[in-house]
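Architecture at a glance
One letter stands for each residue in the lines below.
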Amino acid sequence: MHQSGSDDLSKQEKFLKASLDNILDLYLILLSSLVELRKKEEAYLELAKNKHLATKEERNPNTRFIHNPVLLALEKNASLQNALATNHIHNWQHNDDTIIYMLQDVKNSTLYQKYMAKPAVTFEDERYFVTDLFTEVIAPNEKLYAYLEDFKLTWVDDIPVVNTLIQKQLRHFVTEEFCVPKIFKDEEDADFALDLLRKTILNESLFGSEFENKTPNWDTERIAELDTIMLKMAICEFLKFPSIPVKVTINEYLELAKEYSTPKSSIFINGILDNLVKEYQISGKMKKAGRGLL
């Protein structure tokens, strides 16, 4: 909004909501890549077997990967298939060159070769393999990352979160229990980001004045714009969200500063927020509901 000079709050709210909802699409695309890799390899083996001059190895291939019970269970899982259909996820049908590239990386990996060479495997072995395959080969795949970055720019920040969730689900995979998770845990969770955006913007001048004269060692004109935005958001949480603990707010914005702003930003923000909290506690301006929220 600042960079565009726009004051159209509704437009920004729509963009934020869409970017949050799109996290589910990212999850489905990443998880379904495992299914597509298995299907692509199965098609390759079938073509090789039916060649006119097929080798002995091609006629009797090692089918452990295409018969992996975790991959097969994902392919047949009703929750996943319904979500893919509902969200119209057809990415790999239209971009199978990325799947082909990843399949080559999978088959060239030491992880895959050791798995295929084992004399026998248990279901636990199969599950560990799929988890490690996603973690070590798929998640860090440069071709996949480039495709996702080009498809939706906001996904760059979401990829680590989604990868971590998928890794956790695979590590504890049970065929009968697997289901696609909801984006939000409840209605309050779903509304939080929009509430924070709305309340920060509508009170921006007020929140800015809270730290205006509290930066004696910092040139106000040279404070990074992201730092001022994060300070206003943190102050908004202090004053407008009584259920959020102070320590949680401070820790969150220090992490955001380290990730998105300058090397010194977290030190600057920590100092300002610490001083404001002390001031608010003395004046009674900050009211937190519940035990242990200060």
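The structure under discussion appears in the preceding block.
Nothing here was measured: the structure is a model prediction, and the numbers come from that model.

As a further point, take the nonpolar core. Looking at soluble globular proteins, one finds that nonpolar side chains tend to be buried together. With 46 residues, the main nonpolar core has Tyr27, Leu28, Leu34, Phe65, Leu74 and Leu148 as its most contacted residues. At the level of elements, α1 (9–49), α3 (69–76), α4 (78–86), α6 (96–108), α7 (110–117), α8 (123–138), α9 (142–151) and α10 (155–171) are the ones that each hand at least two residues to this core. The residues touching Phe65, leaving out its near neighbours within four places in the chain, are Leu37, Arg38, Glu41, Leu71, Leu103, Tyr112, Tyr115, Met116, Phe129 and Leu133. Ile244, Leu254, Ile269 and Leu276 belong to the second-largest nonpolar core, a separate cluster that totals 25 residues.

A word on α3. Taken residue by residue, α3 has Val70, Leu71, Ala73 and Leu74 as its buried positions. The buried residues of α3 all sit within an arc of 160° when viewed along its axis, so they share a single face. Where α3 is buried, its residues touch α1, α4, α8 and α10. Its side-chain oxygen placed 2.9 Å from the backbone nitrogen of Val70, Asn68 serves as the N-cap of α3.

Under the criterion given, the structure shown has twelve salt bridges. A salt bridge links Asp21 to Lys17, with the shortest nitrogen-to-oxygen separation between them at 3.0 Å. Linking Asp21 with Lys17, this pair stays in helix α1, spanning four residues, or about one helical turn. Judged by relative accessible area, Asp21 falls into the partly exposed class, the value being 30%.

Rules used in this analysis
- Here, residues in each chain are numbered from 1, in the same order as that chain's written sequence.
- Reporting of local features is limited, given that this is a predicted model, to residues whose pLDDT is at least 70; pairs of side-chain atoms are given and counted only at 80 or more, and all residues count toward the totals for whole chains, interfaces and linings.
- Calculated side-chain values reflect all of the structure's heavy atoms, with hydrogen atoms and water omitted.
- For the purposes of this section, nonpolar cores are sets of buried Ala, Val, Leu, Ile, Met, Phe, Trp, Tyr and Cys residues that join through side-chain atoms within 4.5 Å.
- When accessible area is computed with a 1.4 Å probe and restricted to protein chains, residues below 20% of their type maximum are described as buried, those above 50% as exposed, and intermediate ones as partly exposed.
- Only DSSP runs of H or I with at least four residues qualify as helices, and only runs of E with at least two residues qualify as strands; both kinds are numbered from the N terminus onward.
- Two residues form a contact once any of their heavy atoms are found within 4.5 Å.
- Each direction from the helix axis to a C-beta atom contributes to the arc, which is the arc of those directions.
- For the purposes of these results, a polar contact is taken to be a pair of N or O atoms within 3.5 Å, where, inside protein, one atom must be able to donate a hydrogen and its partner to accept one; residues adjacent in sequence count only when each atom of the pair is a side-chain atom.
- By salt bridge we mean one thing: a side-chain nitrogen of Lys or Arg within 4 Å of a carboxyl oxygen of Asp or Glu.

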